[in-house]
Amino acid sequence: MKYDRIDSKLFIKNRKNFMEKMKPKSLAVFNSNDIYPIGADSTMPFQQNRDIFYLSGVDQDESILVLFPDAPEEKHREILFLTETNEHIAVWEGAKLTKEDAFDVSGIKTVYWMKDFEKIFFEVMTQCETVYFNTNEHYRANHKTETRDDRFIKWCKEKYPAHQVAKANPILQRLRSVKDPIELDLMQKACDITEKAFRRTLKFVKPGVWEYEIEAEYYHEMIRNRSKGFAYTPIIASGNNANVLHYIENRHQCKDGDLILLDTGAEYANYSSDLSRTIPVSGRYSDRQKQVYNAVNKVKKEATKMLVPGTMWKEYHVEVGKMMTSELLDLGLLDKADVQNEDPDWPAYKKYFMHGTSHHIGLDTHDYGILTEPMQANQVFTVEPGIYLPDEGFGIRLEDDVVIQEKGEPFNLMRNIPIEIEEIEDIMNS
């Protein structure tokens, strides 16, 4: 891995917190992700299942974590199963974790090779009553691909039909949403890499460049700073492309007078950043572009202040909608009749700002977090209002990642990334 090794005390703490929430005489199982095929002998780059990474720090395929806090044998309270490394693997793929390496990474003392899994698992299953399965229950999840966890659940239910089953996900939703200081440092690193890439882009952009060239500038700077690259598929949307919320083709030429909406965050050590900025191709905003930009920035600043412990996500979005409505009235995009006659289920402002303002971020760009529960200190949220004007040929979105504090306004992990009009213009024209 490109990133520096993470202190294993993070994963030791995470496992302790998870096991404290488990039922008596229960165990939990977490599988790594598959390496997914493309065709012939080609595969997609490996991405570790975030849950097993969160609990162990193990970042390789064909790995299994078993947690059994009430195990009669102390050595079986935390178990890692890994593919046994050998000289052939070392030559062709690079050496896998040894048992000693696995302990250094995870803090787990008991490590078996994968070939022993069924034997050891049978032993611990005879000693427990409930098994926790790992399922993806994120509110945006919509996957058709069968995962290793999916296959394991089918196998385990057939092999051990008399056991009770439970869900690991509700525990993980709550634990993963509140970040440890080590995690916040890793997220700050991802944001710092994003800052370097954005500043490089400000110097590069000029009329005539292509969106994919800008993507390449970002990618270069991310890789040279020990990131795997983008935390999500980047949006480099010039002109009217910005009005397609998930525009990812990045294939058009940037023209003088246009704006470019950049939704481009780096990952670091599997942790995400999520940045949006909107910059002028020519290095200068027009008066109308400035009006809309300042309206979006104002909503962003006011919305950020609301991210404090106790805030409810749904009510927060209602209040942000009221702020946006006021700005759209000032811009002449809405009138009083539009607001008076609006559909409560689709308020008038949604014509120009149709997506949410904030989501959890962490190991996933849209990270775990239960949206029906009050916000807590050390949760990290994006703040990303936008105004989209297809009739005027541009859209503006501004986005930072912020950490909720015990008291006061959130801490902005992207506080050093240029956002004010004057700073962006000065950099682009220096």
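What counts, and at which threshold
- Residue numbers run consecutively from 1 along every chain, following the written order of its sequence.
- The model is predicted, so local features are restricted to residues of pLDDT at least 70 and side-chain atom pairs to those at 80 or more, both for listing and for counting; the totals for chains, interfaces and linings are taken over all residues.
- Only hydrogens and water are set aside; all other atoms, that is, all heavy atoms of the structure, feed into the side-chain values.
- By definition, any uninterrupted DSSP run of H or I lasting at least four residues is a helix, any uninterrupted run of E lasting at least two residues is a strand, and each is numbered from the N terminus.
- For this measure, only C-alpha atoms enter the radius of gyration; the expected value for a globule follows 2.2 Å times N^0.38, where N is the number of residues.
- The classification of residues rests on relative accessible area computed with a 1.4 Å probe and restricted to protein chains. Under 20% of the type maximum is buried, over 50% is exposed, and intermediate values are partly exposed.
- Two residues qualify as a contact provided that any one of their heavy atoms is within 4.5 Å of a heavy atom in the partner residue.
- Throughout, the Shrake-Rupley method with a 1.4 Å probe supplies accessible areas, and for residues the shown protein chains are the sole cover considered.
- None of His or the chain ends enter the tally, which takes Lys and Arg as positive and Asp and Glu as negative.
- All charge positions are set by atom: Lys at NZ, Arg at CZ, Asp at CG, Glu at CD.
- We call two strands paired when DSSP finds no fewer than two bridges between them.
- Throughout, an axis means a line fitted to C-alpha atoms (over the contacting stretch in the case of helices), and angles, computed between N-to-C directions, take values from 0 to 180 degrees.
- Residues are called lining when one of their atoms sits within 4 Å of a cavity or pocket point, these points coming from a 1 Å grid over the protein atoms alone, where a cavity is a set in which a 1.4 Å probe fits but cannot get out and a pocket is an open set with protein on both sides within 12 Å along at least five of seven lines.
- Grid points are joined across faces, edges and corners, and a volume is the space filled by probe spheres set on the points.
- Each residue is assigned to one of three groups, with Ala, Val, Leu, Ile, Met, Phe, Trp, Tyr, Cys and Pro labelled nonpolar, Asp, Glu, Lys and Arg labelled charged, and all others, Gly among them, labelled polar.
- Given the number of residues in a helix, its expected span is that number minus one, multiplied by 1.5 Å.
- Throughout, the arc means the angular range of directions from the helix axis out to the C-beta atoms.
- Each pair of aromatic rings taken from Phe, Tyr and Trp, with Trp reduced to its six-membered ring, is defined by centres within 6.5 Å and is described as stacked if the planes are under 30 degrees apart, edge-to-face if over 60, and tilted in the remaining cases.
- UniProt positions are given in the numbering used here, feature names are shortened, and annotations may be inferred rather than shown by experiment.
- Segment limits for the domains were obtained from an automatic or database-derived domain assignment.
- In short, buried area is how much 1.4 Å probe accessible area vanishes from two parts on joining, totalled over both.
- Between Lys or Arg on one side and Asp or Glu on the other, a salt bridge is scored when a side-chain nitrogen of the former is within 4 Å of a carboxyl oxygen of the latter.

## Focus on the overall build of the protein
Piece 1. Scanning the protein for helices and strands turns up 13 helices and 18 strands.
Piece 2. Rg of the C-alpha trace for the protein: 24 Å, near the compact-globule value of 22 Å for 430 residues, within the 12% margin.
Piece 3. Along the first, second and third principal axes, the C-alpha atoms of the protein reach 70 × 50 × 40 Å.
Piece 4. Per-residue burial for the protein yields a buried fraction of 54% across its 430 residues.
Piece 5. Residue pairs at least 24 apart in sequence account for 71% of intrachain contacts in the protein once pairs closer than 6 positions are excluded.
Piece 6. As displayed, the protein has an accessible area near 20100 Å², and 50% of this comes from carbon and sulfur atoms.
Piece 7. One way to put it: in the protein the 55 positive side-chain charges average out to a point 2 Å from where the 71 negative ones average out.

## Section: the sheet that holds strand β10 (residues 259-263)
Whenever strands of a sheet pair, they do so through backbone hydrogen bonds, lying parallel or antiparallel.
Piece 1. Strands sit in the order β9-β10-β13 across an open sheet of 3 strands; the sheet is antiparallel. Two strands close off the open sheet at either side, each with one partner strand: β9 (235-238) and β13 (276-280). In this sheet, adjacent strand axes meet at a mean angle of 15° when their direction is disregarded.
Piece 2. For β10 and β13, the ladder comprises 5 bridges, and the chain directions are antiparallel. Each bridged residue has a counterpart across the sheet, and for Asp263 the counterpart in β13 is Ser276.

## What to know about the layout of surface pockets
Piece 1. As a volume, the second largest pocket reaches approximately 570 Å³.
Piece 2. Met1, Asp59, Gln60, Ala95 and Leu97 are the residues nearest the centre of the second largest pocket, which is lined by 22 residues in total.
Piece 3. By residue class, the composition of the lining of the second largest pocket is 12 nonpolar, 4 polar and 6 charged.

## Overview of helix α1 (residues 9-20)
One turn of an α-helix holds 3.6 residues; hence residues three or four places apart share an orientation.
Piece 1. Helix length check: α1 (12 residues) gives 17 Å between terminal C-alpha atoms against 16 Å at 1.5 Å per residue, within 8%.
Piece 2. For α1, the complete set of buried residues consists of Leu10, Phe11, Asn14, Arg15, Phe18 and Met19. Buried residues along α1 cover an arc of 160° about the axis, so they all sit on one side. Across α1 from its buried face, at more than 90 degrees, point the exposed residues Lys9 and Glu20.

## Focus on empty space enclosed by the protein
Piece 1. Under the definition given, this model contains 1 cavity of 30 Å³ or more.
Piece 2. For the largest cavity, the calculated volume is near 90 Å³.
Piece 3. Around the largest cavity sit 14 residues that line it, and His360, Ile370, Glu373, Pro374 and Gln379 are the ones nearest its centre.
Piece 4. The biggest single contributor to the lining of the largest cavity is helix α7 (residues 169-177), with 3 residues.
Piece 5. Looking at the lining of the largest cavity residue by residue, the class counts come to 6 nonpolar, 6 polar and 2 charged.

## Things to note about unusual backbone geometry
Piece 1. A positive phi angle is found at Lys25, which is not glycine, with a value near 55°.
Piece 2. Residue placement: Lys25 occurs in the loop between α1 and β1 (26-31).
Piece 3. For Lys25, a relative accessible area of 40% gives the class partly exposed.
Piece 4. One non-glycine residue, Ala40, adopts positive backbone phi at about 50°.
Piece 5. Mapped onto the elements, Ala40 comes out in the loop between β2 (37-39) and β3 (42-43).
Piece 6. We classify Ala40 as exposed; its relative accessible area is 89%.

## Comments concerning the packing of aromatic side chains
Piece 1. Applying the stated criterion across every chain, the model contains 20 aromatic pairs.
Piece 2. Consider the rings of Phe81 and Tyr112, whose centres lie 5.7 Å apart with planes at 25°: the pair is stacked. Highlighted residues: Phe81 in strand β5 (residues 78-82) and Tyr112 in strand β6 (residues 110-113), separated in sequence by 31 residues. Tyr112 shares its class with Phe81; the two are buried.
Piece 3. On the numbers, 5.8 Å between centres and 40° between planes, the contact of Phe152 with Trp155 is tilted. Taken together, the residues Phe152 and Trp155, both in helix α6 (residues 148-159) and 3 residues apart, mark about one turn of the helix.
Piece 4. Through a chain of ring-to-ring contacts, the aromatic side chains of Phe81, Tyr112, Phe117, Phe121, Phe133, Phe152, Trp155 and Tyr160 assemble into a single cluster.

## What about the UniProt feature "domain: Aminopeptidase P N-terminal" (unreviewed entry) in the protein?
Piece 1. UniProt feature "domain: Aminopeptidase P N-terminal" (unreviewed entry): in the numbering of this structure it lies at residues 6-142.
Piece 2. Annotated as residues 6-142, this span is 31% helix and 21% strand, and its ends, taken at the C-alpha atoms, are 31 Å apart.

## A word on the domain arrangement of the protein
Note: interface size is frequently given as the accessible area lost on complex formation between the parts.
Piece 1. If you check the domain split of the protein, you get domain 1 (8-176) and domain 2 (181-429).
Piece 2. Each of domain 1 and domain 2 has a C-alpha centre, and these two points are 35 Å apart.
Piece 3. Listed by partner, the interface residues are 19 residues for domain 1 and 16 residues for domain 2.
Piece 4. Both sides of the domain 1 and domain 2 interface together cover about 1800 Å² of buried area, and 53% of this is carbon and sulfur.
Piece 5. Between the two partners, domain 1 and domain 2, sit 4 salt bridges.
Piece 6. The closest approach of N and O atoms between Arg176 and Asp364, which form a salt bridge, is 2.8 Å.

## Quick word on the pairing of strand β16 (residues 394-397)
Piece 1. Of the two faces of β16, the one holding Phe394 and Ile396 and the one holding Gly395 and Arg397 are both buried throughout.
Piece 2. The pairing of strand β15 (residues 386-389) with β16 spans 4 bridges and is classified as antiparallel. The partner of Gly386 across the bridge, within β16, is Arg397.
Piece 3. The antiparallel pairing of β15 with β16 creates a hairpin that spans 4 residues between the two strands, and Gly393 there sits at a positive phi of about 80°.

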